[in-house]
Structures are given as C-alpha cells and as structure tokens.
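Here's the letter readout for the chains.
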Amino acid sequence: MSAARQLSLEVNGQRHDLQLDIRTTLLDALREHADLPGTKKGCDHGQCGACTVHVDGERVLSCLTLAAQVEGRPVTTIEGLQTADGVMHAVQTAFIEHDAFQCGYCTPGQIMSAVACIREGHATTDEDIREYMSGNLCRCGAYPHIVAAVRDAASRLKEAAL
Ligand code: FES
Ligand code: FES
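Let us look at the structure shown here. What you see is a predicted model; the values in this text were computed from it and never measured. Here the residue numbering is sequential within each chain, running from 1 through the sequence in written order. Each chain gets a letter, beginning with A, and each ligand a number, beginning with 1, in the order they are written. Predicted model: local features are reported for residues with pLDDT of at least 70 only, side-chain atom pairs are reported and counted for 80 or more only, and whole-chain, interface and lining totals are derived from all residues. Each side-chain value is worked out from all heavy atoms of the structure, with water and hydrogens disregarded.

### A closer look at the overall build of the chain
Thought 1: A run of DSSP states H or I qualifies as a helix once it reaches four residues; a run of E qualifies as a strand once it reaches two. Both are numbered from the N-terminal end. Helix and strand counts for the chain stand at five helices and five strands.
Thought 2: Listed N to C, the secondary structure of the chain is β-β-α-β-β-β-α-α-α-α in terms of helices and strands.
Thought 3: As a reference, a globule follows 2.2 Å times the number of residues to the power 0.38, and the radius of gyration itself is taken over C-alpha atoms. The C-alpha radius of gyration computed for the chain amounts to 16 Å, which stays within 12% of the reference 15 Å derived for 162 residues, consistent with globular compactness.
Thought 4: For the chain, the spread of C-alpha atoms along the three principal axes comes to 50 × 30 × 25 Å.
Thought 5: Relative accessibility under 20% of the residue-type maximum defines a buried residue, over 50% an exposed one, and the middle range a partly exposed one, all with a 1.4 Å probe and only protein chains included. Counting the 162 residues in the chain, one finds 43% classified as buried.
Thought 6: Contact between two residues is taken to exist if any of their heavy atoms lie within 4.5 Å; hydrogens are not considered. Contacts spanning at least 24 positions in sequence make up 53% of the contacts within the chain whose residues lie at least 6 apart.
Thought 7: Split by element, the accessible area of the chain, about 8700 Å² in all, is 50% carbon and sulfur. With residues, only the protein chains shown are counted as cover, and all accessible areas are computed by Shrake-Rupley using a 1.4 Å probe.

### So, the packing of helix H2 (residues 90-97) against helix H5 (residues 143-161)
Thought 1: Here an angle of 0 to 180 degrees is reported between the N-to-C directions of two axes, which are lines fitted to C-alpha atoms, with helices fitted over the stretch in contact. Two numbers describe how H2 lies on H5: the axes approach to 8 Å, and their chain directions differ by 140°. Judged by the inter-axis angle, H2 sits oblique to H5. Judged by the sense of rotation from one axis to the other, the crossing of H2 with H5 is right-handed. Here Ala90, Val91, Thr93, Ala94, Phe95 and Glu97 of H2 come into contact with H5, specifically with Ile146, Ala149, Val150, Asp152, Ala153, Arg156 and Leu157.
Thought 2: Under the grouping applied here, Gly and all other residues not named as nonpolar or charged are polar, the nonpolar ones being Ala, Val, Leu, Ile, Met, Phe, Trp, Tyr, Cys and Pro and the charged ones Asp, Glu, Lys and Arg. Here the residues of the contact of H2 with H5 are counted per class, giving nine nonpolar, one polar and three charged. Roughly parallel means an angle under 35 degrees; roughly antiparallel, over 145; roughly perpendicular, 65 to 115; everything else is oblique. In this scheme the crossing of two helices becomes right-handed for a clockwise turn of the near helix relative to the far one and left-handed for an anticlockwise turn of less than a right angle.

### Re the pairing of strand S3 (residues 52-55)
Thought 1: Of the two faces of S3, both are covered, the one formed by Thr52 and His54 as well as the one formed by Val53 and Val55.
Thought 2: Sheet analysis places S3 next to strand S4 (residues 58-61), joined by four bridges and oriented antiparallel. Within the sheet, the bridge partner assigned to Val53 lies in S4 and is Val60.
Thought 3: Pairing between two strands is assigned when DSSP locates at least 2 bridges connecting them. Here S3 hands over to S4 after two residues, with Asp56 in that stretch at a positive phi of 55°.
Thought 4: In terms of strand pairing, S3 meets strand S5 (residues 74-76) through two bridges, oriented antiparallel. Bridge pairing in S5 places His54 opposite Thr76.

### Brief notes about unusual backbone geometry
Phi is mostly negative for residues that are not glycine, and the peptide bonds are mostly trans.
Thought 1: Positive phi values are uncommon outside glycine, yet Asn12 reaches one of about 50°.
Thought 2: Counting through the fold element by element, Asn12 comes out in the loop between strand S1 (4-11) and strand S2 (14-21).
Thought 3: For Asn12, a relative accessible area of 26% gives the class partly exposed.

### Overview of the pattern of salt bridges
Thought 1: Salt bridges are defined as contacts in which a side-chain nitrogen from Lys or Arg sits within 4 Å of a carboxyl oxygen from Asp or Glu. With the rule as written, the count across this model stands at 10 salt bridges.
Thought 2: Residues Lys41 and Asp28 are paired through a salt bridge, measuring 2.9 Å at the closest nitrogen-oxygen approach. In this pair, Lys41 is assigned in the loop between helix H1 (26-33) and S3 and Asp28 in helix H1, connecting sequence segments 13 residues apart.
Thought 3: According to the relative accessible area criterion, Lys41 is partly exposed, its value standing at 29%.
Thought 4: For the salt bridge of Asp56 with Arg73, the shortest nitrogen-to-oxygen distance reads 2.8 Å. Here Asp56, found in the loop between S3 and S4, pairs with Arg73, found in the loop between S4 and S5; they are 17 residues apart in sequence, far enough to count as distant.
Thought 5: For Asp56, a relative accessible area of 41% corresponds to the partly exposed category.
Thought 6: Residues joined in a network through salt bridges with shared partners are Asp28, Lys41 and Asp44.

The analysis is restricted to geometry; functional conclusions fall outside its scope.
The following block contains the structure:
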C-alpha cells in the first residue's frame, strides 16, 4: 500500500509541490519528481557522496535523507549554485580551470561538498581538503586536481571576502 503525501519542497529558492510516497528519498524527489537530475546516485547507501546537496546550508547525503525530512527547509543543489544571472560559483570555475573532473558523474557532489568544506573552514591545507573531501569518491581518479581546485577556490573566496 503506498502512502502518498503532498510535500512542499524549497529547492534553489523555488517551491515544488510534489505528490510523493512518504518513503521517497530527497535524492529521488529531486531527480525523478522535481526535474533536477544534476544530483547523482552512485550507490544509494551513503557511501559515495555523488548525491551531496545542501540543506539549511549544510552538506548532506540526499540518498539517506527523506524528502519529508526537509519540508520547509531550504535545499540547494548543483543547479542552484550559480547566480540568478548565470555567473558560476568560484568552486565551479576552479573545477573547470583545474580539470578537476573527467566523466563528471561525481562532480556535482564534489562541488557541493567543496562549497561546504570551504564554508566550514576545512580547506586551509591540502591535507585538510583531502580529509574533509574524503566522503566523495571519484573513480576517474581526479583527486589531485580536485584538491588543487578546492585550494584555489578557497583562496579566491577568502580574497573576495576581504
Ligand atoms: S548515492 Fe548517496 S552516498 Fe552514494
Ligand atoms: S570524474 Fe568520473 S567519477 Fe569523478
């Protein structure tokens, strides 16, 4: 027996009124119901980080979060990272400039995680970046470039804040 419920999600500043089974994860709600496929499913078990999004500005694994848990709380996905007039976030720019992706499948999660990592103050050394980005797996082995991109973005954002 399915238990459908009307849920109102706020994603990237837009309201989505969705009719969802209460067991629907935030990841599936985004991908299959809100037409936002940028957030990826690599495992659905909390082990790869491809599904990383922000809830209340904090990084979370959307495969381990029920859509019902985030009702009324702001969600940001990779599609909402650029400004309204389409200017990319410093982390997005840095990922392109440093070739920090190959197939691109882990990349939305890497970028959302990196934005939060910098905001948390965990991007001051390469060692810290490696440790605090270790929840995001990349089978293309782009890790050295990801570290360089996060380091660069962190310093650009620091300068911008001065
Ligand atoms: S899909 Fe969520 S951690 Fe892998
Ligand atoms: S770029 Fe392919 S998995 Fe990371």
